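Chain residues, written in single-letter form:
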Amino acid sequence: KYLKGETTSTNSVATLFAWTGALRKRGELDETPELCDFAEKLEKATIQTIEKGVMTGDLALLSKLDNIKKVDTETFLVEINERLKKMM
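Residues numbered from 1 in each chain as written. Predicted model: local features only at pLDDT ≥ 70, side-chain atom pairs only at ≥ 80, totals over all residues. Heavy atoms only, no water.

S.K.: Looking at this model, I keep getting lost on the confidence of the model for the chain. Mind explaining?
M.R.: Regions with low pLDDT carry predicted coordinates that are not meant to be interpreted in detail. Averaged over all residues, the pLDDT of the chain is 94; the fraction at 70 or higher stands at 100%. Confidence, expressed as mean pLDDT per element, reaches its minimum in the chain at helix α3 (residues 57-62) with 91 and its maximum at helix α2 (residues 33-51) with 98. (pLDDT = per-residue confidence, 0-100. Helix = DSSP H or I, 4+ residues; strand = E, 2+ residues; numbered from the N terminus.)

Take a look at the structure:
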């Protein structure tokens, strides 16, 4: 769908957490606590977003929350970014 210019609503959490894990490890190896801190904050922002009920369609199907706001992938990432900015 994305390649056709259509919006998608797929879970990007696994990809985000793969990146945060890699960033955290890189921060440990390079002794850059700022990078480790960023990875931690990005994970927290992602979890907060889901806990507030903002999630992609595939997550919404699994959720038992009452206040679900189903969004497309891009909006989900924007929502995470908004929470991340508040932590920085």
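S.K.: Is there a simple way to think about unusual backbone geometry in this case?
M.R.: For residues other than glycine, phi is negative in most cases, and the peptide bonds are mostly trans. Even without being glycine, Glu 31 reaches a positive phi, approximately 55 degrees. Tracing the backbone through its elements, the reader meets Glu 31 in the loop between α1 (13-30) and α2.

S.K.: What is the right way to read the environment of Leu 65 from this model?
M.R.: Structurally, the position occupied by Leu 65 is in the loop between α3 and β2 (69-71). Residue classification places Leu 65 among the partly exposed positions, given a relative accessible area of 36%. Along the backbone, Leu 65 and Glu 51 are 14 residues apart, and their C-alpha atoms lie at a distance of 8.2 Å. For Leu 65, the contacting residues outside a window of four places in its chain are Ile 50, Glu 51, Gly 53 and Met 55. (Buried < 20%, exposed > 50% of the residue type's maximum accessible area, 1.4 Å probe, protein only. Contact = heavy atoms within 4.5 Å.)

S.K.: Sorry if this is basic, but what is going on with the packing of α2 against helix α4 (residues 73-87) here?
M.R.: A pair of packed helices can be characterised by two numbers: the angle between their axes and the separation between those axes. α4 packs onto α2 with a crossing angle of 125 degrees between their chain directions and a minimal axis gap of 8 Å. It follows from the interaxial angle that α2 and α4 lie oblique. Between α2 and α4 lies a crossing whose hand is right-handed. Between α2, through Phe 38, Lys 41, Leu 42, Lys 44, Ala 45, Thr 46, Gln 48, Thr 49 and Ile 50, and α4, the contact on the second element is made entirely by Phe 76, Glu 79, Ile 80, Arg 83, Leu 84 and Met 87. Looking at side-chain class alone, the contact of α2 with α4 contains eight nonpolar, three polar and four charged residues. (Axes fitted to C-alpha atoms, helices over the stretch in contact; angles between N-to-C directions. Parallel < 35°, antiparallel > 145°, perpendicular 65-115°, else oblique. Left-handed = near helix turned anticlockwise from the far one by under 90°. Nonpolar A, V, L, I, M, F, W, Y, C, P; charged D, E, K, R; others polar.)

S.K.: Just to check I follow, could you spell out the packing of α1 against α2 for this structure?
M.R.: One way to put it is that α1 packs onto α2 with a least axis distance of 7 Å and a crossing angle of 160 degrees. It follows from the interaxial angle that α1 and α2 lie roughly antiparallel. In this structure, α1 crosses over α2, and the sense of that crossing is left-handed. Together, Val 13, Leu 16, Phe 17, Thr 20, Gly 21, Leu 23, Arg 24, Arg 26, Gly 27 and Glu 28 of α1 and Leu 35, Cys 36, Phe 38, Ala 39, Glu 40, Leu 42, Glu 43, Thr 46, Ile 47 and Ile 50 of α2 make up the contact between the two elements. Considered class by class, the residues forming the contact of α1 with α2 number eleven nonpolar, four polar and five charged.

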